[in-house]
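Spelled out, the chains give:
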Amino acid sequence: MVLQPSERYHRDWSHRRLGPWCSPTGSPAPLSCETGCGEGSWILVCRLLVPTQVSLLSMEEDIDTRKINNSFLRDHSYATEADIISTVEFNHTGELLATGDKGGRVVIFQREQESKNQVHRRGEYNVYSTFQSHEPEFDYLKSLEIEEKINKIRWLPQQNAAYFLLSTNDKTVKLWKVSERDKRPEGYNLKDEEGRLRDPATITTLRVPVLRPMDLMVEATPRRVFANAHTYHINSISVNSDYETYMSADDLRINLWNFEITNQSFNIVDIKPANMEELTEVITAAEFHPHHCNSFVYSSSKGTIRLCDMRASALCDRHSKFFEEPEDPSNRSFFSEIISSISDVKFSHSGRYIMTRDYLTVKVWDLNMENRPIETYQVHDYLRSKLCSLYENDCIFDKFECVWNGSDSVIMTGSYNNFFRMFDRNTKRDVTLEASRENSKPRAILKPRKVCVGGKRRKDEISVDSLDFSKKILHTAWHPSENIIAVAATNNLYIFQDKVN
Amino acid sequence: MFQDLVTANLAAKGTMVGGLKRKHSDLEEEEEVEKWDWGPAGLRSYQQALLRISLDKVQRSLGPRAPSLRRHVLIHNTLQQLQAALCLAPAPTLPPEPLFLGEEDFSLSATIGSILRELETSMDETEPPQNPVAPPGPQNEVLPQPDPVFLEALSSRYLGDSGLDDFFLDIDTSAVEKEPALAPPEPPHNLFCAPGSWEWNELDHIMEIILGS
């Protein structure tokens, strides 16, 4: 049974402040970075391993994870499939960096504070908090497992001392509060020092409890659980610029939530056909406009992007703008549709452009031009002749993400063999770098890499056939205002910094 | 790897690819240029190998975890393209091998379509996810409770016993029902497969996997 539009409930959270779609509060921090896309300008700051042991401990009791985690950040073989990083995200100031992994854990790293004694340590990130966000579940009716893997993390802008983030697996979105505690109340009247209740008859005097300093403790608590609203797998979450709502997108539907309300959401996009046999296209990613809280985009498996305006109708099945590039007939093959499937879509910080990632390219689109992108960057075109093999080993279905730098002048995306690529939109220069253990000396300068596509291979080049397709960089993040990048390679998190910085 | 499939298949029969007998390593280099003019026989083998790979993927996607709908749709669309290409391509002059020819292509794609329909049904809404309702606030803040969109599945179809029976009606259990003779399942009328043929065994295998899961 499909609800008719008239049966859909109104977008009326009347107990909250209503109103026309509002402009955001506050403005983004000014960007002061220069682009560093040239050769030899990126250095490794630190390589971090997801601390397996610490997460086990922190589930038993509250401890100061920061002290313990430092001692676990060494090369050891604790890595399991659960440790594979599945999402990376800086917060709005860049002070915190969150990772989610296949085991359902979230690990938050905090940037080292500036210190006169240890100037070189600025820019390093240390573990700040670790918590189990999602657990594996089982849907008994459908006899299907629900994976605990964290698909996406999105930070909320900071409004008080605590930090808030959204994390999601395939089915459930959760709002987490991460806060510090460095004081403890002492001197209760009704409880003794061990916390046991005292017999009121034994109390002869009253005292005022006082707050005494304690070792810093970072605690994460789930504040909201947004469940049971997605039949299909959630691939995206995006916080709206009104900071009151957010959306979650699965393969066929997009829902709009209010942060305060967990038992209902509004469906704003539904592309499920009445007859599932007619299904030929799914939603692959979605994001709100950074400034206009009425606008959002979503991408599809057919290489299209739709811009929707929530003011137009309650159900945004009709797009305001439709972005699609005509297919190049000379490149047509059985895999044309698969490689055109968009794996990620991101608005620029300015809000004027959108960037899309398909299997072989990154494209930049101007919101004012729908018929073709304004820029196309080849990520690894040498794979075009290998598509059949990549189809057979499933690599062709890999979903690479893409990111903008703070000033929207450089874009970055991952590739295979632990390579990642940066493209400078102004100079049109590009560079290929590698996140590997061999280059893991701190402050080591990254050497640009090159893939040999034919002919004689030079000494430092790697041939296409030697690429390791099991080592893929799917998730990367760029600091909002500085040239610091985070690159996830399996269970390793690499933090690189522009040496000019 | 794909080239192993094609070359093993063709080389075993002494078939020439593109009019020239090539070594495996030569073929590997040529495979880099997929637009190379294979010739009718080579192209057909290529398409059929892709078809086999795609079918294998469909089979392998049945598991304890819900399959990725995106991957499923992309494979399904690719299968349809392959089917269309195989139907349009002229029949090869080679002696007929147990490969897909003519009407069998339609029948297989119909089966593929039905396989995917089964999978979509298993992922479809089947229950009203009963949310634990948040504790109600003060009375003047309680909203009128409209039905959430995911309650569209809350219909008598899924609640009553008859609803559950209807749910199972679509599944063909003839293969697992006890019968005196082990007869293969009755094929749909639009299937043009001779029992005992390669296509028949393939379809039978696929149905066994689905019913077994």
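In what follows, the accompanying structure is described. (Residues numbered from 1 in each chain as written. Chains lettered and ligands numbered in written order. Predicted model: local features only at pLDDT ≥ 70, side-chain atom pairs only at ≥ 80, totals over all residues. Heavy atoms only, no water.)

## Concerning the nonpolar core
So, point 1. If you look at the biggest cluster of nonpolar residues, it comprises 34 residues, and the most contacted ones within it are Phe335(A), Tyr359(A), Tyr391(A), Ile396(A) and Leu50(B).
So, point 2. Taken together, the elements giving at least two residues each to this core come down to helix 3 (336–340) and helix 4 (387–392) of chain A together with helix 3 (40–60) and helix 4 (69–88) of chain B.
So, point 3. Ranked by residue count, the leading element in this core is helix 4 of chain B, at six residues.
So, point 4. Excluding residues that lie within four positions of it along the chain, Leu50(B) makes contacts with Phe334(A), Phe335(A), Cys388(A), Tyr391(A) and Leu82(B). (Core = buried A, V, L, I, M, F, W, Y, C linked by side-chain atoms within 4.5 Å. Buried < 20%, exposed > 50% of the residue type's maximum accessible area, 1.4 Å probe, protein only. Helix = DSSP H or I, 4+ residues; strand = E, 2+ residues; numbered from the N terminus. Contact = heavy atoms within 4.5 Å.)

## Thoughts on helix 3 of chain B
So, point 1. Spanning 21 residues, helix 3 of chain B covers 30 Å between terminal C-alpha atoms, matching the ideal 30 Å at 1.5 Å per step.
So, point 2. Most of helix 3 of chain B sits inside the fold, with 15 of its 21 residues counted as buried. (Expected span 1.5 Å × (residues − 1).)

## Re the packing of aromatic side chains
So, point 1. Considering all chains together, one arrives at 21 aromatic pairs over all chains under this definition.
So, point 2. A ring pair is formed by Phe288(A) and Phe296(A), whose centres lie 6.0 Å apart and whose planes are at 75°; its orientation type is edge-to-face. Both residues of the pair, Phe288(A) and Phe296(A), belong to the buried class.
So, point 3. Plain terms: the ring middles of Phe400(A) and Tyr416(A) are 5.3 Å apart, the flat faces sit at 90° to each other, and that makes the pair edge-to-face. Pair noted here: Phe400(A) is in the loop between helix 4 and strand 24 (402–404) and Tyr416(A) is in the loop between strand 25 (410–414) and strand 26 (419–424), with a separation of 16 residues, a long-range link. The pair Phe400(A) / Tyr416(A) is uniform in exposure class, with both members buried.
So, point 4. By the ring-pair criterion, three or more aromatic residues cluster together here, those being Phe226(A), Tyr246(A), Trp257(A) and Phe259(A).
So, point 5. Sitting over the ring of Tyr391(A), Lys57(B) keeps its end group 5.1 Å from the ring centre.
So, point 6. Cation over ring: Arg71(B) sits above Phe397(A), and NZ or CZ is 5.4 Å from the ring centre. (Phe/Tyr/Trp six-rings, centres within 6.5 Å; stacked < 30°, edge-to-face > 60°. Lys NZ or Arg CZ within 6 Å of the ring centre and 35° of its normal.)

## A short note on the sheet that holds strand 19 (residues 321–323) of chain A
All names here are of chain A.
So, point 1. An order of 16-17-18-19 is seen for the four strands of this open sheet, with the pairing classed as antiparallel. Lying at the two open borders of the sheet, with one neighbouring strand each, are strand 16 (283–288) and strand 19. This sheet shows a mean twist of 20° between the axes of neighbouring strands, independent of strand direction.
So, point 2. In terms of strand pairing, strand 18 (residues 305–309) meets strand 19 through three bridges, oriented antiparallel. Pairing of Ile 305 across the sheet is with Phe 323, part of strand 19. (Pairing = 2+ DSSP bridges. Axes fitted to C-alpha atoms, helices over the stretch in contact; angles between N-to-C directions.)

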